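Inside the fold
Single-letter residue listing:
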Amino acid sequence: MGSTSSTLLKIPNAEVLMQETGFSPAHIIRLHDRFKALDKEGRGYLCPQDFGAIKELAMNPIGDRIIGAFFSPGKETVDFSTFVKILAHFRPVDKDRPKEPNSPEPINSRSNKLKFAFQLYDQDKDGKISRDELLKVLRAMLGMQVTEEQLESIADRTIQEADLDRDEAISFEEFRKSLEKVNIDHKMSIRFLR
């Protein structure tokens with residue numbers, strides 16, 4: 001335990017990050033090591049290109065969108081705190097963790113996971129997923145496995161089923177409702193070091 005606490009002291013805002021994200025001291029240390037490994041030049045921040053070293057993202061058809069989610073509009077760098085907070089979306093929900101009254105909703109809550117997923121589709125940040133945005137994701141994910149006609153049919157059917165207000169786009173609320181029966185915690189979780 002002594003080495004863990006002394007290592008944590010070297011990590012900026014470690015205690016605050018653990019409280020905000022629910023990550024354990026071991027998780028924070030592991031994520032800090034990963035951050036430093038990606039930051040090969042020791043700048044203290046990451047650029048989109050630094051994420052190219054993560055083979056799972058390089059192989060993911062929407063890896064560029066996932067990488068983009070780490071960066072605020074107009075920002076080309078991400079610091080360690082932001083890196084940890086983004087990864088916290090993928091932390092399994094801790095059902096045993098007591099909820100403090102008046103505390104903000106956990107980063108890894110179902111609602112926040114859905115908001116994170118929604119932004120991967122809503123590339124123009126207008127609060128709606130258009131047919132074109134949906135088609136771009138489908139093309140990236142399915143590629144040459146289906147014809148363009150099939151992709152368009154899937155996009156049209158998806159919008160038709162989810163678009164409750166008939167504006168030919170999917171709002172966040174419609175997105176949330178369409179995924180009510182989906183175990184988003186399971187689908188959007190990464191097993192971190194215990």
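Throughout, a residue's number is its position along its own chain's written sequence, starting from 1. Selection of residues for local features in this predicted model requires a pLDDT of at least 70, selection of side-chain atom pairs for listing and counting requires 80 or more, and totals for whole chains, interfaces and linings are taken over all residues. The side-chain quantities take in all heavy atoms of the structure and omit both hydrogens and water.

1. Observations concerning the pattern of salt bridges
- By salt bridge we mean one thing: a side-chain nitrogen of Lys or Arg within 4 Å of a carboxyl oxygen of Asp or Glu. Counting across every chain of the model gives 12 salt bridges.
- Two residues, R43 and D50, come together in a salt bridge whose shortest N-O distance is 2.4 Å.
- Remark: exposure states derive from per-residue accessible area (1.4 Å probe, protein chains only) relative to the maximum for the residue type, with buried under 20%, exposed over 50%, and partly exposed in between. Judged by relative accessible area, D50 falls into the buried class, the value being 15%.
- Residue R176 pairs with E173 through a salt bridge whose shortest N-O separation is 2.2 Å.

2. Describing the layout of surface pockets
- Each pocket or cavity is described by its volume, and for the largest pocket that value is around 1,400 Å³.
- Taken together, 40 residues form the lining of the largest pocket, with N60, I66, F90, K187 and M188 sitting closest to its centre.
- Among the residues forming the lining of the largest pocket, the class breakdown is 29 nonpolar, 5 polar and 6 charged. Of the grid points, spaced at 1 Å and generated over the protein atoms alone, those admitting a 1.4 Å probe that cannot get out make up cavities, while open sets with protein on both sides within 12 Å along at least five of seven lines make up pockets; any residue with an atom within 4 Å of a point is treated as lining. Grid points are joined across faces, edges and corners, and a volume is the space filled by probe spheres set on the points. Side-chain classes follow a simple rule in which Ala, Val, Leu, Ile, Met, Phe, Trp, Tyr, Cys and Pro form the nonpolar group, Asp, Glu, Lys and Arg form the charged group, and the remainder, Gly included, forms the polar group.

3. With respect to the nonpolar core
- Here, nonpolar core refers to any group of buried Ala, Val, Leu, Ile, Met, Phe, Trp, Tyr and Cys residues whose side-chain atoms link them within 4.5 Å. Membership of the largest hydrophobic core comes to 49 residues, with the highest contact counts inside it found for I28, F51, F80, F83, V84 and F175.
- In this description a helix means any DSSP run of H or I spanning at least four residues, a strand means any run of E spanning at least two, and both kinds are numbered starting from the N terminus. Sorting the residues of this core by element identifies α2 (14-21), α3 (25-38), α5 (63-68), α6 (80-87), α7 (110-121), α8 (131-142) and α9 (148-162) as the ones contributing at least two each.
- For the domains described, the bounds stem from an automatic or database domain assignment. Each of domain 1 (12-89) and domain 2 (104-184) gives at least three residues to this core.
- The contact definition used throughout considers only heavy atoms, calling two residues in contact when any of these lie within 4.5 Å. The contacts of I28, once residues within four sequence positions are left out, are L8, I11, A14, L17, M18, F23, F80 and V84.

4. With respect to the packing of α8 against α9
- It is the contact of α8 with α9, at a shortest axis distance of 9 Å, that shows an interaxial angle of 130 degrees. The angle between α8 and α9 falls in the class oblique. With respect to the hand of their crossing, α8 and α9 are arranged in right-handed fashion. When α8 is examined against α9, the residues R131, L134, L135, L138, R139 and L142 are found in contact with a partner set consisting of E148, L151, E152, I154, A155, D156, T158 and I159. Here the axes come from fitting lines to C-alpha atoms, over the contacting stretch only for helices, and the angles between their N-to-C directions go from 0 to 180 degrees. For classification purposes, angles smaller than 35 degrees are called roughly parallel, those larger than 145 roughly antiparallel, those between 65 and 115 roughly perpendicular, and all remaining angles oblique. Here a crossing is taken to be left-handed if its near helix is turned anticlockwise relative to the far helix by less than a right angle, and right-handed if that turn runs clockwise.

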